[in-house]
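Structural characterization, general
Listed below, chain by chain, are the residues.
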Amino acid sequence: MRDKTSFIFDLDGTLTDSVYQNVAAWKEALDAEGIPLPMWRLHRKIGMSGGLMLKNLSRETGLDLTEEQAERLSKRHSEAYERLQGQIIALPGAVDLLKKLDAENLKWCIATSGEMSTAEINLKVLGLDKDKITLVTRDDVKQGKPDPSLFIAGADKMGVPIEECLVIGDAIWDMLAARRAKATGIGLLSGGYDISELERAGALRVYEEPLDLLNHLDEVASFE
């Protein structure tokens with residue numbers, strides 16, 4: 001495998017155990033608007049930006065969401081997610097993985113399709129200060145995943161070519177965006193997708209969670 005020296009991490013489901021809280025928050029928001037959607041459909045869209053997810057669900061269900069309704073849904077989701085923040089924890093190995101990269105002088109950043117308000121909740125459980133790390137959120141780009149803009153912006157902020165980056169993510173949307181950006185996708189099972197789905201979307205390797213990746217880091221990165 002070609003050595004990669006820089007890492008771009010998704011956040012929800014990749015570094016923090018927060019996918020199902022995200023699903024529950026969207027379910028609460030949609031229920032409040034009288035839009036009945038099963039949670040499994042919502043889960044399949046986590047990883048997209050909120051706006052793109054709502055457009056996707058509108059197409060699948062035939063619902064015609066107005067711009068005002070979409071804004072209301074986004075606000076309700078943020079409020080519900082904030083109430084659930086006490087359930088969110090760092091995934092096993094996430095903190096140690098980032099510390100290992102720092103110790104090895106390997107560049108890394110976080111690129112999330114969540115807005116800053118939700119990103120801060122996740123950064124808190126990781127013990128990270130948004131002002132002391134390289135961070136890209138949905139607020140920084142015009143389009144969310146599977147568009148590659150988030151990851152390209154992350155590489156730009158680190159000052160490295162996107163082609164020399166590993167994108168670590170838990171959803172097919174991460175892998176599709178990585179492939180479109182010409183980065184190398186590394187999948188994690190911690191978001192609920194299985195190995196075959198992640199590999200079909202472009203993952204070169206798939207690990208269980210950050211701890212598993214940490215234990216096999218020499219498979220994807222060089223420390224020389």
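Residues numbered from 1 in each chain as written. Predicted model: local features only at pLDDT ≥ 70, side-chain atom pairs only at ≥ 80, totals over all residues. Heavy atoms only, no water.

Glancing now at empty space enclosed by the protein. Under the definition given, this model contains 1 cavity of 30 Å³ or more. The calculated volume of the largest cavity comes to roughly 40 Å³. Around the largest cavity sit Leu30, Ile35, Leu37, Leu54, Leu57, Ser58, Thr61, Leu63 and Leu65, which together line it. Per element, the largest residue contribution to the lining of the largest cavity is 4 residues, and it comes from helix H3 (residues 50-61). When grouped by side-chain class, the residues that make up the lining of the largest cavity number 7 nonpolar, 2 polar and no charged. (1 Å grid on protein atoms, 1.4 Å probe; cavity = no way out; pocket = protein on both sides within 12 Å on 5 of 7 lines; lining within 4 Å. Points joined across faces, edges and corners; volume = space filled by probe spheres on them. Helix = DSSP H or I, 4+ residues; strand = E, 2+ residues; numbered from the N terminus. Nonpolar A, V, L, I, M, F, W, Y, C, P; charged D, E, K, R; others polar.)

Taken in spatial order, the 6 strands make up an open sheet running S5-S4-S1-S6-S7-S8, and their pairing is parallel. With one partner strand each, in any of the chains shown, strand S5 (135-136) and strand S8 (203-207) form the two edges of the open sheet. The sheet contact formed by strand S1 (residues 6-9) and strand S4 (residues 107-111) spans 4 bridges and is parallel. Within S4, the residue paired with phenylalanine 9 across the bridge is isoleucine 110. Packing of helix H5 (residues 94-103) onto the sheet brings it into contact with S1 and S4, and relative to S1 it is tilted by some 155 degrees. (Pairing = 2+ DSSP bridges. Contact = heavy atoms within 4.5 Å. Axes fitted to C-alpha atoms, helices over the stretch in contact; angles between N-to-C directions.)

Counting residues in hydrophobic clusters, the biggest one holds 25 residues, and the most contacted among them are Phe7, Phe9, Ile110 and Leu213. Elements with a minimum of two residues in this core: S1, H5, S4, helix H6 (116-126), strand S6 (165-169) and strand S7 (184-188). Take this core: its biggest share by element is 4 residues, from H5. Those residues in contact with phenylalanine 9 that sit more than four places away from it in its chain are Thr14, Leu15, Leu97, Leu98, Leu101, Trp108, Cys109, Ile110, Ala111 and Ile168. Within the second largest apolar cluster, 23 residues are counted, among which are Trp26, Leu30, Leu37 and Met48. (Core = buried A, V, L, I, M, F, W, Y, C linked by side-chain atoms within 4.5 Å. Buried < 20%, exposed > 50% of the residue type's maximum accessible area, 1.4 Å probe, protein only.)

Another point: unusual backbone geometry. Following lysine 145, the chain continues into proline 146 via a peptide bond in cis, with omega recorded as 15 degrees. The topology assignment puts proline 146 in the loop between S5 and helix H7 (149-158). Phi angles above zero are rare outside glycine, and asparagine 105 is one such case at about 60 degrees. Relative to the helices and strands, asparagine 105 is located in the loop between H5 and S4. The exposed category is assigned to asparagine 105, whose relative accessible area is 69%.

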